Amino acid sequence: MSKPVIATTSLAGCFGCHMSLLDIDERILKLVDLVEFNKSPIDDIKRFTKPVDVGLIEGGCCNSENVAVLRSFRKNCKVLVSVGECAVMGGLPALRNSIPLKECLEEAYLNSPTVDPGSGIIPNDEDLPIILDKVYPCHEVVKIDYFLPGCPPSADLIWEAVTALVEGRPLNLTYDMIKFD
Amino acid sequence: MSEIRFTIDGKACLAERGQTIVEAAKANGVYIPVLCNYEALKPVGSCRICTVRVAGRYMASCTQPVTEGMAVENTAPDLEDMRKSLIEMLFVEGNHFCPSCEKSGNCELQALGYRYKMMVPRFPYLWPGRALLAGSPLLMLERNRCVQCLRCVRGITSKAGRKVFAAVERGPHVTIEIDPKLAAKLSEEEARRAMDICPVGAILRKEKGFALPIGQRKFDHTPIGSDIEKGTGR
Ligand code: SF4
Ligand code: SF4
Ligand code: FES
């Protein structure tokens, strides 16, 4: 029987959730026995090459590329999991959500103390993804099946969730596993 | 002392006359979640987290006195889910970035989220943009985290008995303001009390953030209410 297939991505995140996944320490050897990785920064597979059972999403959506990647994950994965505060609620990137986008861009690219006065421009190359008006939690863009809060979620929570999903058993959550920071 | 007999989820309990359901439950080792209710303050019943059911009717157990023979439902699954939805509503109605919040680990709203295993709120986020008040020397008021419990309004007064905090407007527009003159005169001790009385990270002591390391904070390992359930909450 072929192993369950996992894919992962980091959208508007900091890779901290991927680091937390690696924090499972020696259990990573068990993970390699248990599952096969497809598209993921961990194995550097860039495109889906087969149907995936579980997609782990780090980060919310702050630009058009994040939305496109998230939609391709929804299309190619049976089950999608929002991993970490940014995927679940936008996280720290969403601090900009109550500030108008124009103001954010002007502050960063025109008025910031490190910009040579008068020489700043707001990046507008057509090859750049278009920035969204707000940072969106993943479930406000596509359907998400499960949520793992935490900044980042602990390695124990990620391990418990991934193994429960691939083994098809119910999640055994302890108090220490659910944290929002 | 005249005693009243009542039950919570079928458990026989005793209450003193005039006790609210929340107080009596606590005395009997039963936790009913509260948020706007606070020790010695007169209850206002504004958050509804403490809602229980008696004879099919819903009531705020922090304001409702116990009566003889009352059969209180506290942990029925639909009640618990309704409370959870109220907690979720508070999370989407403000900006709760727990990873960067000074109150994280000691916050009652967050602790309720943990106790109720909130993995994600069921409602869309609103992203309010309420102005931060940082004018007083010792305190900061981050109103995007305020849950409008009015604990500060009720509990923090000047020596002459004047309110340091006030609620202006009503309903969804209610906003907490600080009296700048009174706030300027707050002592260290009073400022600390103001921070402690706020269940969330809306009232903060300036220059005192992140004092306790992760792992040693109030709700890092013990769920909110477990002191009451262990019978040490009296
Ligand atoms: S006030 Fe509480 S719930 Fe809100 S961000 Fe701070 S710790 Fe989180
Ligand atoms: S500032 Fe804090 S204590 Fe005052 S109403 Fe808001 S949440 Fe309650
Ligand atoms: S605790 Fe009873 S209404 Fe808030």
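Calculation rules
- Residues numbered from 1 in each chain as written.
- Chains lettered and ligands numbered in written order.
- Predicted model: local features only at pLDDT ≥ 70, side-chain atom pairs only at ≥ 80, totals over all residues.
- Heavy atoms only, no water.
- Helix = DSSP H or I, 4+ residues; strand = E, 2+ residues; numbered from the N terminus.
- Rg over C-alpha atoms; globule rule 2.2 N^0.38 Å.
- Buried < 20%, exposed > 50% of the residue type's maximum accessible area, 1.4 Å probe, protein only.
- Contact = heavy atoms within 4.5 Å.
- Areas by Shrake-Rupley, 256 points an atom, 1.4 Å probe, with all protein chains shown as cover.
- Lys, Arg positive; Asp, Glu negative; His and termini not counted.
- Charge placed at Lys NZ, Arg CZ, Asp CG, Glu CD.
- Core = buried A, V, L, I, M, F, W, Y, C linked by side-chain atoms within 4.5 Å.
- Domains from an automatic or database assignment.
- Axes fitted to C-alpha atoms, helices over the stretch in contact; angles between N-to-C directions.
- Parallel < 35°, antiparallel > 145°, perpendicular 65-115°, else oblique.
- Left-handed = near helix turned anticlockwise from the far one by under 90°.
- Nonpolar A, V, L, I, M, F, W, Y, C, P; charged D, E, K, R; others polar.
- Buried area = accessible area lost by both parts, 1.4 Å probe.
- Salt bridge = Lys/Arg side-chain N within 4 Å of Asp/Glu carboxyl O.
- Phe/Tyr/Trp six-rings, centres within 6.5 Å; stacked < 30°, edge-to-face > 60°.
- Lys NZ or Arg CZ within 6 Å of the ring centre and 35° of its normal.
- Pairing = 2+ DSSP bridges.

With that settled, consider the overall build of chain B. In terms of regular secondary structure, chain B is built from seven helices and nine strands. Against the compact-globule benchmark of 17 Å for 234 residues, chain B has a radius of gyration of 18 Å, which places it among compact chains. Counting only C-alpha atoms and orienting by the principal axes, one finds that chain B spans roughly 50 × 45 × 35 Å. Taken across its 234 residues, chain B has 51% of its residues classed as buried. Taking as baseline every contact in chain B between residues at least 6 positions apart, the subset at least 24 positions apart corresponds to 63%. In the form shown here, chain B has an accessible surface area of approximately 11,500 Å², with 55% of it arising from carbon and sulfur atoms. Charge separation in chain B, taken as the distance between the mean sites of 34 positive and 26 negative side-chain charges, equals 3 Å.

All names here are of chain B. The biggest cluster of nonpolar side chains holds 77 residues, and the ones touching the most others in it are L109 and F165. Looking at this core element by element, the count peaks at five residues for helix 2 (residues 77-93). Here this core gathers at least three residues from each of two domains, domain 1 (4-75) and domain 2 (84-205). Apart from residues no more than four positions distant in its own chain, L109 is found in contact with L35, I87, L90, F91, H96, V147, P199 and V200. Residues A15, V30, M59 and C62 belong to the second largest nonpolar core, which totals 21 residues.

Residue and element names in this part refer to chain A. Two numbers describe how helix 2 (residues 27-34) lies on helix 6 (residues 155-167): the axes approach to 12 Å, and their chain directions differ by 20 degrees. By the angle between their axes, helix 2 is roughly parallel relative to helix 6. You can see that helix 2 and helix 6 cross each other, and the crossing is left-handed. Of helix 6, the residues touching helix 2 (which contributes R27, K30, L31 and L34) are A155, D156, W159, V162, T163, V166 and E167. In terms of residue class, the contact of helix 2 with helix 6 is built from six nonpolar, one polar and four charged.

Further remarks concern the interface of chain B and chain A. Size of an interface: often given as the accessible area lost when the parts come together. Residue-level contacts link 28 residues of chain B with 24 residues of chain A. Both faces combined, the contact of chain B with chain A buries some 2,300 Å², and carbon together with sulfur accounts for 69% of it. Contact with chain A buries area across many residues of chain B, yet Y114, M119 and W127 of chain B alone supply 34% of it, more than any other trio. For the interface between chain B and chain A, the tally reads one salt bridge.

Applying the stated criterion across every chain, the model contains six aromatic pairs over all chains. Here the aromatic rings of F48 of chain A and F73 of chain A are separated by 4.9 Å at their centres, their planes lie at 70 degrees, and the arrangement is edge-to-face. In this pair, F48 of chain A sits in the loop between strand 2 (36-37) and strand 3 (52-58) while F73 of chain A sits in helix 3 (residues 64-76), placing the two residues 25 residues apart along the sequence. F73 of chain A carries the same exposure label as F48 of chain A, and that label is buried. Linked through ring pairs, Y175 and F180 of chain A together with F91 and Y114 of chain B together constitute an aromatic cluster. For the cation-ring pair, K179 of chain A lies above Y175 of chain A, with the distance from its terminal atom to the ring centre recorded as 4.4 Å.

Listed in full, the buried residues belonging to helix 6 (residues 188-197) of chain B are A191, A194, M195 and I197 of chain B. Here the buried face of helix 6 of chain B lies against strand 6 (139-141), helix 4 (151-155), strand 7 (165-168) and strand 9 (203-205) of chain B.

Here the focus is the pairing of strand 7 of chain B. Residues and elements named next belong to chain B. With four bridges joining them, strand 7 and strand 8 (residues 175-178) adopt antiparallel strand pairing. Bridged to A166 within strand 8 is E177. Once strand 7 ends, the chain turns through six residues before running back antiparallel as strand 8, passing E169 with a positive phi of about 65 degrees.

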